[in-house]
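A look at the structure
Each chain is listed here by its residues.
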Amino acid sequence: GGYAKEMSPEFLAAERALFEKQCKEVDIIITTALIPGKKAPVLIEKHMVEMMKPGSVCVDLAAEAGGNVAGCKADEIVTTPNGVTIIGHTDMPSRLGTVASMMFSNNLVKFMLDQGPKGSYFVDLEEDVARGTLLAHAGQILPLYVPEPPAPPPKKEVAPPPPPPNPFNETLKNVMMFTAGYGAILATAMSAPPVFLAGMTTFALATIVGYQLVWNVSPALHSPLMSVTNAISGLVVVGGMCFMGGGYYPTNAAQTLAAAAVAVASINVIGGFHVTGRMLDMFKRPDDPPEYHALWLIPTLAFAAGFGYGHVVLGMTELYQLAYLVASVMCVLSLGGLASQSTARVGNSWGKVGAFTGILGTVAMLSTTVPVEVFAQMAACSALGGAVGFQIANNIEPTQLPQLVAAFHSFVGLAAVFVSLSGHMIEAAHFATNPLGGVQQFAIFWGSVIGGVTFTGSIVAFLKLAEMKSSKALSLPGKDLINIATLVATLGLYGCYISPGMTPDNALMPLLAATGLSFAAGWHLTDSVGGADMPVCITVLNSYSGWALVCEGFMMQNSMLLIVGSLIGASGAILTYIMCVAMNRSIANVLFGGYATAKGPARVHTGVHKEATLGEVVGMLTEASEVIIVPGYGLAVAQGQYPLAEMVKTLNENGVRVRFGIHPVAGRMPGQLNVLLAEAGISYDIVLEMDEINDDFKECDVSLVLGANDVVNPDAIDDPDSALAGMPVLHVWEAKQSVMMKRSMASGYAGVDNPLFFKENNWMFLGDAKKNCEALRDAVNAHYGN
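In what follows, the accompanying structure is described.

Conventions and cut-offs
- Residues numbered from 1 in each chain as written.
- Predicted model: local features only at pLDDT ≥ 70, side-chain atom pairs only at ≥ 80, totals over all residues.
- Heavy atoms only, no water.
- Helix = DSSP H or I, 4+ residues; strand = E, 2+ residues; numbered from the N terminus.
- Expected span 1.5 Å × (residues − 1).
- Buried < 20%, exposed > 50% of the residue type's maximum accessible area, 1.4 Å probe, protein only.
- Arc of directions from axis to C-beta.
- Salt bridge = Lys/Arg side-chain N within 4 Å of Asp/Glu carboxyl O.
- Pairing = 2+ DSSP bridges.
- Axes fitted to C-alpha atoms, helices over the stretch in contact; angles between N-to-C directions.
- Contact = heavy atoms within 4.5 Å.

This brings us to helix 16 (residues 479-498). Its 20 residues place the ends of helix 16 29 Å apart at the C-alpha level, agreeing with the 28 Å of an ideal helix rising 1.5 Å per residue. Along helix 16, the residues classified as buried are Lys479, Asn483, Thr486, Thr490, Leu493, Tyr494 and Tyr497. Buried residues of helix 16 fall within an arc of 105° about the axis and therefore sit on the same side. Exposed residues pointing more than 90 degrees away from the buried face of helix 16 are listed as Leu481, Ile484 and Val488.

The structure is reproduced here in structure tokens:
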């Protein structure tokens, strides 16, 4: 072990690359490498010496054994053609005493001369530094010198404690909120038809159920959660099916829009469930028991057979309501299944059963009024969209999941727009006579607007996440006024749309204008959000897709669409809330502003950071008993999870316990890093959330930060004036040693300094995350002889 061991070619190659980098930067190099009984290894090769700046010095302490520096000669001082001095003294130890004495005496004389004017020798007994160094003067032993204590620092004004909570006021506040809510509900009930109240009841109860379900979903499964809700939101296909007509092909604009909606929504249904299955399969461990999800075809086909018998043979034409109920229940169970790793994959199967049953019920409902040729058209549109969705989901890489989710959101938004426009063209003539006409108008208008915002907003998110567009936030002059003007104009167009006396054709104009305005608003709103805030943006768009589905449910008085839309809307809203809390920011700040602003003058951090070499980091890791790795966005960008997984496996096999700590906003979408680590073969058993692992850093030997910055900034806790103040962070600095792997010393997205860089127990290991992970993997393998 130690210096007596020759390292592997891989380790030496990584070491050589590091030495080349250092030779270009440093002025003095001291080498000491020896292998007992052998010639000293040449560490600084000739081309490295030529890289050094003129005037640089190499001190070769291994000169007697041949030297570590190319060109070194024993007992000689060599100057290279590029002005580098190579010192090869072999009697260096015998020189140290003399040199040290000279340096000490020189410093002492200079110190005494500095006491007097113009370099004159003078002893000033009134000067604290000089008096503190003297024990005797003029032949007399001086009394013990005790300097006066420094003046105490001015007391910092402590803000008065907040007044104690007033139970009466708190209760009154809640009571008034509930009173206002009851008033709004009562006003709605008195102005809406009775049938609408049944839909409102379904919507409210489903939202509450969705709220409870999503809070129980494991944070590690937030990415699959978004993916499966994306697939379920493809049930917007039901609205398109209901408005299709003609024959083997559509014969008017409304039917064409409906057919396009079916094709686009089918991309989501098939692609969403398939990519969810791929994600969840990444979490499977080698020792997990086999799973037989195909067996869920038995109850599905049995229900379909019984349903078909009742509908066709027994003539039970209203049986489709039972299919909608079963579909809704299965979609609820699907989200509930994502509460844990053990039930997540069966939850995806339940979602597939729910979507199939809902579509089956729609086919049965339409079978009494729609020609067979239209069903052929439906099958063709569904097959086309499904094939596209399957192909996309089957070829996507795990690192591309965020942009895939964004793309699928855009399909839902576009399908919702198509269904709303088609619904207007078909139903507008009956608005005046239909008791639900006002409800339908409301649902059509806002379904189209929400769908339009979702469509273009998701396209921008896709382009930014795929790095096909700059991730910088768009900041147009007066952008807030633009948003306000857009909202006012949309409300005005809604007033025109529902005004009495409007013909269907005339009413189509404000609807189209509002849809076009929503396209522009979706683009502007999303483009005004920076790339680092895309995780929040994706969850907001996920919620929008659910509310668009709710509008479709009200338009068609379809309980299934109301239920699944409410589930998806609640899911996206809760994920958005979780992400905002993790950043200590409001949703308004994310969507309409920049990062949080400092509350006062933030602390200025100065100091000298310490850079660790590859060998030093390997030594820390291999000598540790407990290691916690904190991955961040940088790891996802560099795709360094594969060599990292191999290194972790080697460390675990050699007795080093390695775990991961994940911050809620790490990565480009909720749970993305969990999926990336799982895809690389890292078991979810050792991947913990921030709240689960934060207390363990105190017992940790080494914390390794990979591509993260703001989420490990101590100022979030220590500096109340920091822009990050109050943001929950991972306490990596509490470990015995911490290592930050970053591309550079730049600040994070928040643009604030990170004092972790300068902490005594922290080392910086700079460079590309993937290359550094590969170098660490090779060096750790070489250390253990693998």
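Per the counting criterion, the structure on display carries 14 salt bridges. Close ionic contact of Arg16 with Glu45 constitutes a salt bridge, the shortest N to O distance being 3.1 Å. Placement of Arg16 in helix 1 (residues 9-25) and of Glu45 in the loop between strand 1 (28-31) and helix 2 (46-51) is noted, with a sequence separation of 29 residues between them. Assessed through its relative accessible area of 34%, Arg16 is described here as partly exposed. For Glu45, a relative accessible area of 24% translates into the label partly exposed. For the salt bridge of Glu760 with Lys610, the shortest nitrogen-to-oxygen distance reads 4.0 Å. Placement of Glu760 in the loop between strand 11 (737-742) and strand 12 (762-766) and of Lys610 in the loop between helix 20 (587-592) and helix 21 (614-623) is noted, with a sequence separation of 150 residues between them. For Glu760, a relative accessible area of 67% corresponds to the exposed category. Put simply, Glu626, Arg657, Arg659 and Asp696 are held in one network by salt bridges that share partners.

Attention now goes to the sheet that holds strand 1. With respect to topology, 4 strands assemble into an open sheet ordered 1-2-4-3, the strand pairing being mixed. Across the chains shown, the open sheet's two edge strands, defined by having one partner strand only, are strand 1 and strand 3 (77-79). Here the average twist between neighbouring strands, direction ignored, is 15°. Looking at chain direction, strand 2 (residues 57-60) and strand 4 (residues 85-87) are connected through 3 bridges and run parallel. When the sheet's bridge partners are listed, Val57 is paired in strand 4 with Thr85.

This part takes up the sheet that holds strand 10 (residues 702-706). Taken in spatial order, the 6 strands of this open sheet run 9-8-7-10-11-12, and their pairing is parallel. Among the strands making up the open sheet, the edge pair consists of strand 9 (687-689) and strand 12. Adjacent strand axes in the sheet meet at a mean angle of 25°, parallel and antiparallel pairs treated alike. Where strand 8 (residues 657-662) meets strand 9, 3 bridges bridge the pair, whose relative direction is parallel. Counterpart to Ile662 in the pairing with strand 9 is Glu689. On the sheet, helix 24 (residues 672-679) packs against strand 7 (626-631), strand 8 and strand 9 and is oriented at approximately 150° with respect to strand 8.

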